[in-house]
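# Survey of secondary and tertiary structure
Take a look at the letters that make up each chain.
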Amino acid sequence: MATTHTLLSPAELNYLHTSLSLRPPIRSDGRLPTQFRPLTAETGILQGTNGSACVTFSDGAEAIVGVKAEIEKTPDAQSGDEDKGKKARGDWVEISVEIPSQRDDDAGTIFLGEMLREALLGDGEFAKKLWINRRFHWRLHIDILLLSPALSYPLPLLSLTTHLALLATRLPKLKSEGDEDPMFDDDWESSVFVYPREGASEGTRPPITLLVVTVGDNVIFDPSKEELAVAETALAVSVAEVRREKSRGEMEVDTKGRELKLLSIRTIDPPSRLTPPGVPNGTATATDGKPASNLASETPVAGVWKAPLGGTKFSVVDGIVQAVLEKGGVADEVLDGLDGVELA
Amino acid sequence: MADRRRINGPGGTTLPPLYDDDPLPRPTRSREPNGVRPVYLKTGVTPSASGSAYLEVESRNGAPTTGMKLSCTVHGPRSLPRSAPFSPHMVLTTHVKYAPFATKSRRGYLRDASERDLSTHLETALRGVLIADRWPKSGVDVVVTIIEGEEARQFAVDQGSEEWDMMNVLSACITVAAAAVADAGIDCVDTVSGGVAALVSMSGDGKSEIVLDPVATEHDEILAACCVAYLPSRDEITNLWLKGEVSSSDPSLYRTLIARAVHASKGTSQAIVGSLNEAVTGA
């Protein structure tokens, strides 16, 4: 996170901060506080993968995700614990994130990968989909590649791309039964989706991770780089849609508003803490006899930028999570948009 | 990330010999649901560092689970190297490293993904606390070494509880780092302390319950857990990490979970205050 330095002066930062803390906030690109950047999405772009997706944001940020699956022997398949049923492990899923101009062992990149991973495995249902029989399981490699330079914090982009790639992921159909060595149908047409499509769909859908910041009292979704640079709090909130089997009587009921499940929350270190502070006009050290260090951390002067200190109140965190989980809110809107993408 | 420059041996596990005939009983939680394990915290243990602290989370006598032992050293604030770009603030770097012998499976000398992840969390927790603009053009390194991680020794097969243990480790890292930063005399808005709360399923009936300071092996299954870094006197959270199945039937459950984690951190913050008082008065 520390690598994404913004080259903004204290005066510019203060201008951004003031206009974003107005009610309603005025964003520099004219979006509403809950509006996402427009995006173009495509699935099934890579032939050699089990599932793939490409998402391009309107500002030029572009990411590709490829999902590949391979069969692996489950170690210590003991015959003793038959009662355990499908015992799955989180490490059957591997996520690697590659961001240009960053080392792959950079702490920020690993943080991103772990965040996406824990959202995916959050409810323990996903790993069970990879279970073949007691001796074998699928191992899933999810490779996330950011093509453009990191314009803003790439988390929402990578998360949406991963979501689409997982929806498009297909695994060969199993022909063998029980604990035999697995045998699969050669026909790719008869392969099965990891996340079943409409119809017999029940259970959790793949997660999406939203980046939410607060400036003043305002909750702002999908911040751009400049907005992130003045944010007081940045949270990454992962949610997933839960689909329940509908009984016959409910078919005509208004389907608006999905059931959303909270999977994980992580605080992200806002880059605003690394921004240079402004110096109030009256306290220039040349005109005032006092040493500069006494003036540095006095109470903030209105109109002079100062990097935020301290943490977040619980009520602010609560407000953010409420805004994410709200019915018909941003998460719904984003999922609606992604539902429109044709799965190849 | 794997070390690509050297040819390393396979990363195997080292297990103590295990005999079939004497199975140790599975540990059970004997504390109250809102009980926190006692901790031992001492500052100023490393003379060569500008600030240091040592934290031990106690295990009960004869308990098969081990406690945690962590040490933290703070180097700096010191001037940045000439090649570094200008920074109006103190540059904070955090390193979290398991000692190779800290856990059942040996940890290599290179930091792996979970250790890097922990160090990012720790950095977020500390950065909100430091008054960094009092030290322009300087850097400070916070190094946490986990000497003994929390793991049950008697289980031959690991139960996939490491991901939940990480929450406890992070909470301990935050606490020990806060004490070491205070020992180094770096200005902070408050002393930060870590706390963990978890939603566990009860063994008998299918009900779930929120407990403070969970030990993964003492419970059947942990459904969700939350770790916070909390500033008691400002009533603020600098780092929040929540994951797991927070059931959608009770929409306010995550709130309870965060509130309980904050409650747990208040307990550990008393330990920090106590040990800092002790260091000041020289008692």
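First, a word on what this report is: a plain description of the structure on this page. (Residues numbered from 1 in each chain as written. Chains lettered and ligands numbered in written order. Predicted model: local features only at pLDDT ≥ 70, side-chain atom pairs only at ≥ 80, totals over all residues. Heavy atoms only, no water.)

Facing 43 residues of chain A, the contacting portion of chain B comprises 39 residues. With both sides pooled, the region where chain A packs onto chain B buries about 3,800 Å², and carbon together with sulfur makes up 54% of that total. Of all residues in chain A, the largest losses of buried area upon contact with chain B belong to T267, L309 and F314 of chain A, amounting jointly to 14% of the total for that side. At the junction of chain A with chain B, the criterion picks out four salt bridges. For R127 of chain B, the salt bridge identified is with D269 of chain A, shortest N-O distance 2.5 Å. Elements supplying a minimum of two residues to the side of chain A that touches chain B: α2 (107–121), β12 (259–268) and α6 (314–325) of chain A. (Contact = heavy atoms within 4.5 Å. Buried area = accessible area lost by both parts, 1.4 Å probe. Salt bridge = Lys/Arg side-chain N within 4 Å of Asp/Glu carboxyl O. Helix = DSSP H or I, 4+ residues; strand = E, 2+ residues; numbered from the N terminus.)

A word on the environment of L157 of chain A. Residues and elements named next belong to chain A. Summarising the element assignment, L157 is placed in helix α3 (residues 155–167). Separated by 70 residues in sequence, L157 and E227 place their C-alpha atoms 16 Å apart. With residues near it in sequence (within four places) discarded, L157 still touches V55, F57, A61, E62, A63 and L146.

Bringing unusual backbone geometry into the picture now. P24 of chain A follows R23 of chain A through a cis peptide bond whose omega is -5 degrees. Here P24 of chain A is to be found in the loop between α1 (10–20) and β1 (39–43). In this chain, G76 of chain B is followed by P77 of chain B through a cis amide linkage whose omega measures 5 degrees. Topologically, P77 of chain B is positioned in strand β3 (residues 68–79). A positive phi angle, near 60 degrees, is found at K137 of chain B, a position not held by glycine. Here K137 of chain B shows up in the loop between α1 (113–127) and β5 (138–148). Phi is positive for D213 of chain B, which is not a glycine, with a value near 50 degrees. By relative accessible area, D213 of chain B is classed as buried at 11%. (Buried < 20%, exposed > 50% of the residue type's maximum accessible area, 1.4 Å probe, protein only.)

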